[in-house]
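Next come the chains, spelled out residue by residue.
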Amino acid sequence: QVQLVESGGGLVQAGGSLRLSCAASGRILRIDIMGWYRQVPGKQRELVATITSGGTTNYADSLRGRCTISRDNAKNMVYLEMNSLNPADTAVYSCYLRGHSSRWGDYWGQGTQVTVSS
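Residues numbered from 1 in each chain as written. Predicted model: local features only at pLDDT ≥ 70, side-chain atom pairs only at ≥ 80, totals over all residues. Heavy atoms only, no water.

Focus: the state of the cysteines
Here's step 1: Enumeration over the complete set of coordinates arrives at 1 disulfide.
Here's step 2: What pairs with Cys22 in a disulfide is Cys95, and their sulfur atoms sit 2.0 Å apart. Given an S-S torsion of about -85°, the disulfide between Cys22 and Cys95 has left-handed geometry. Residue Cys22 is found in strand β3 (residues 18-26), and its partner Cys95 is found in strand β9 (residues 91-100); the two are separated by 73 residues along the sequence.
Here's step 3: Judged by its relative accessible area of 0%, Cys22 falls in the buried class.
Here's step 4: In this structure Cys95 comes out as buried when scored by relative accessible area, which is 0%. (Disulfide = S-S within 2.5 Å. Helix = DSSP H or I, 4+ residues; strand = E, 2+ residues; numbered from the N terminus. Buried < 20%, exposed > 50% of the residue type's maximum accessible area, 1.4 Å probe, protein only.)

The structure is reproduced here in structure tokens:
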């Protein structure tokens, strides 16, 4: 089993910054992709950013230039730095991992709430 635990969410004012962290633990044989998605009530979950084991990154157009994803392969952790936040960024941010435990699969954290006040 794979467990993903996010931290770093909270309330921030518009224009502010936030850093999210996610720790992966459990019986992990290999991690390919780690990343972040976000979701607001009534809408589909959407990509924020992903990073491969080799460091290749992919960002949602709405966040490109305002966030940076990074990863510590030795610690099985992924981070997301977000800047110039605005109320439209308010959402539950979930950590994502594609890797091999007892099987290859997609794994998700419980999510952490990010609220940006105007």
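Considering the packing of aromatic side chains
Here's step 1: Following the criterion strictly, the structure yields 3 aromatic pairs and no others.
Here's step 2: For the ring pair Tyr37 and Tyr96, a centre distance of 5.6 Å and an interplane angle of 70° mean the geometry is edge-to-face. Note that Tyr37 is positioned in strand β4 (residues 30-39) and Tyr96 in strand β9, a separation of 59 residues in sequence. Neither residue differs from the other here; Tyr37 and Tyr96 are each classed as buried.
Here's step 3: Centroid distance Tyr96 to Trp108: 4.9 Å. Interplanar angle 45°. Geometry classified as tilted. Of this pair, Tyr96 sits in strand β9 while Trp108 sits in strand β10 (residues 104-108), and the two are 12 residues apart along the sequence.
Here's step 4: For Trp108, a relative accessible area of 33% translates into the label partly exposed.
Here's step 5: Through pairs of rings, three or more aromatic residues link up here, namely Tyr37, Tyr96 and Trp108. (Phe/Tyr/Trp six-rings, centres within 6.5 Å; stacked < 30°, edge-to-face > 60°.)

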